[in-house]
Amino acid sequence: MSGVSVLPDALEDALEESLGRFPVPELTRNVQTLIRQYREGFDRSVPALGSEAAVAAYAGYRMPATYSAVAAALRQVALLAPGFAPMTHADVGGGTGSAVWAANAVWPGLTDVTVLEQSASAIAFGRRLAARASAAAVREARWRQTVLDRGTAAPAADLVTMSYVLGELSPGVRDDVVRSLALESARHAGMLVIIEPGTPAGYAGIAAARRLLAEAGLHIVAPCPHDGECPIVEGRDWCHFAVRLNRSALHRRVKDGTLSFEDEKFSYVAASARPWPRAESRVVRHPLKRKGLVTLRLCTNGDGLADHPVSKRQGEAYREARDVAWGDAWPPPAV
């Protein structure tokens, strides 16, 4: 997952304009509240995005990172399944629409988009941003105010996404929502992609969702090279990846940061009723590069976790290993 993620120009312009409606100190105070909630846990009895200022702060603080993580995960799916060309997209718990923009960037052929979101303020903000999009599917997306609970089912769609939502649900509701999405995906033979923060807790949510998806009969497409149990021992390590993104000047002011970039860590799982091709192995750590030797930490389809050395004597494989990044498939898919 090499390179630096950049927001679409239309989204960056729309964010700058929308955030400009609020004083920076007010946005910064709300950002600090959100940071505390992410660290200590959300009070599920109170909507996380209950006011316009809170929504704007969330968008300035989290939307660039969420967009980048979702786009990175979806690009890995697109690399493995080049024949997957979704026309319809349903985003569950869509917030201000990060996944809508990300999915359109990966699959510009999307024509029909539905967003399910609980917060009316987030829906209003997301609609304002979407109105600036060049893609008709983003501009004309249907936004539905929906509380995620045991009865929630995603609309029929080729692609269903749910990003940064599991951690805000109680465990019982979380499992039922994942099961509901799995059944819907199985019924329509689409692709379901769930993304969470790349923390131990975020990975635990993804691991639990992955088990439920496999039990429902779906095939794991990415990042895993197999449908079996994850070889990572919970509590000792966790499966996560990272994407680097640029920070705009306003983004830096809102976050009270000085660096021109940040690294967003995330965990994800993609599953489908159809058995798409998948990676033979996945690079799960930064490659260790020495003179004439690259060592890849891999999750494999048969041997669990393994360290794979690639020496200069291996010619083309060595050249590919020099270019491969944390989170990439190994060997690289044929283009």
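Our subject is the structure listed above.
Residues numbered from 1 in each chain as written. Predicted model: local features only at pLDDT ≥ 70, side-chain atom pairs only at ≥ 80, totals over all residues. Heavy atoms only, no water.

A. Expanded view of the pairing of strand 2 (residues 88-92). In terms of burial, strand 2 is a largely internal element, four of the five residues being buried. In the sheet, strand 2 pairs with strand 3 (residues 112-117) via five bridges, with the strands oriented parallel. In the strand pairing of strand 3, valine 92 is matched with leucine 116. Taken together, strand 2, helix 4 (residues 98-106) and strand 3 form a β-α-β motif whose crossover is right-handed. In terms of strand pairing, strand 2 meets strand 5 (residues 159-163) through three bridges, oriented parallel. Bridging across to strand 5, histidine 89 finds its partner in leucine 159. (Buried < 20%, exposed > 50% of the residue type's maximum accessible area, 1.4 Å probe, protein only. Helix = DSSP H or I, 4+ residues; strand = E, 2+ residues; numbered from the N terminus. Pairing = 2+ DSSP bridges. Right-handed = clockwise from strand over helix to strand, strands pointing away.)

B. Spatial organisation of the nonpolar core. In terms of nonpolar packing, the biggest core is built from 70 residues, with Met191 and Phe266 touching the most fellow members. A total of 17 residues in this core trace back to one element, the largest contributor, which is helix 3 (residues 52-80). In this structure, Val178, Leu181, Ala182 and Ile194 belong to the second largest nonpolar core, which totals 27 residues. (Core = buried A, V, L, I, M, F, W, Y, C linked by side-chain atoms within 4.5 Å.)

C. Quick look at helix 8 (residues 200-215). Taking 1.5 Å as the rise per residue, helix 8 with 16 residues should run 22 Å; its terminal C-alpha atoms sit 23 Å apart, in good agreement. For helix 8, the set of buried residues is Gly202, Tyr203, Gly205, Ile206, Ala207, Ala209, Arg210, Leu212 and Leu213. Looking at the packing, one finds that the buried side of helix 8 touches helix 7 (171-188), strand 6 (191-197), strand 7 (219-222) and strand 9 (261-272). Glycine 217 sits one or two residues past helix 8 and shows a positive phi near 95°. (Expected span 1.5 Å × (residues − 1). Contact = heavy atoms within 4.5 Å.)

D. Main features of the packing of helix 1 (residues 9-19) against helix 3. Two elements in contact, helix 1 and helix 3, have axes whose closest approach is 10 Å; the angle formed by their N-to-C orientations is 165°. Taken together, the axis directions place helix 1 and helix 3 in an arrangement best described as roughly antiparallel. The way helix 1 lies across helix 3 gives a crossing that is left-handed. Where helix 1 abuts helix 3, its residues Leu11, Leu15 and Leu19 lie against Ala56, Ala59, Gly60, Met63 and Tyr67. In terms of residue class, the contact of helix 1 with helix 3 is made up of seven nonpolar, one polar and no charged. (Axes fitted to C-alpha atoms, helices over the stretch in contact; angles between N-to-C directions. Parallel < 35°, antiparallel > 145°, perpendicular 65-115°, else oblique. Left-handed = near helix turned anticlockwise from the far one by under 90°. Nonpolar A, V, L, I, M, F, W, Y, C, P; charged D, E, K, R; others polar.)

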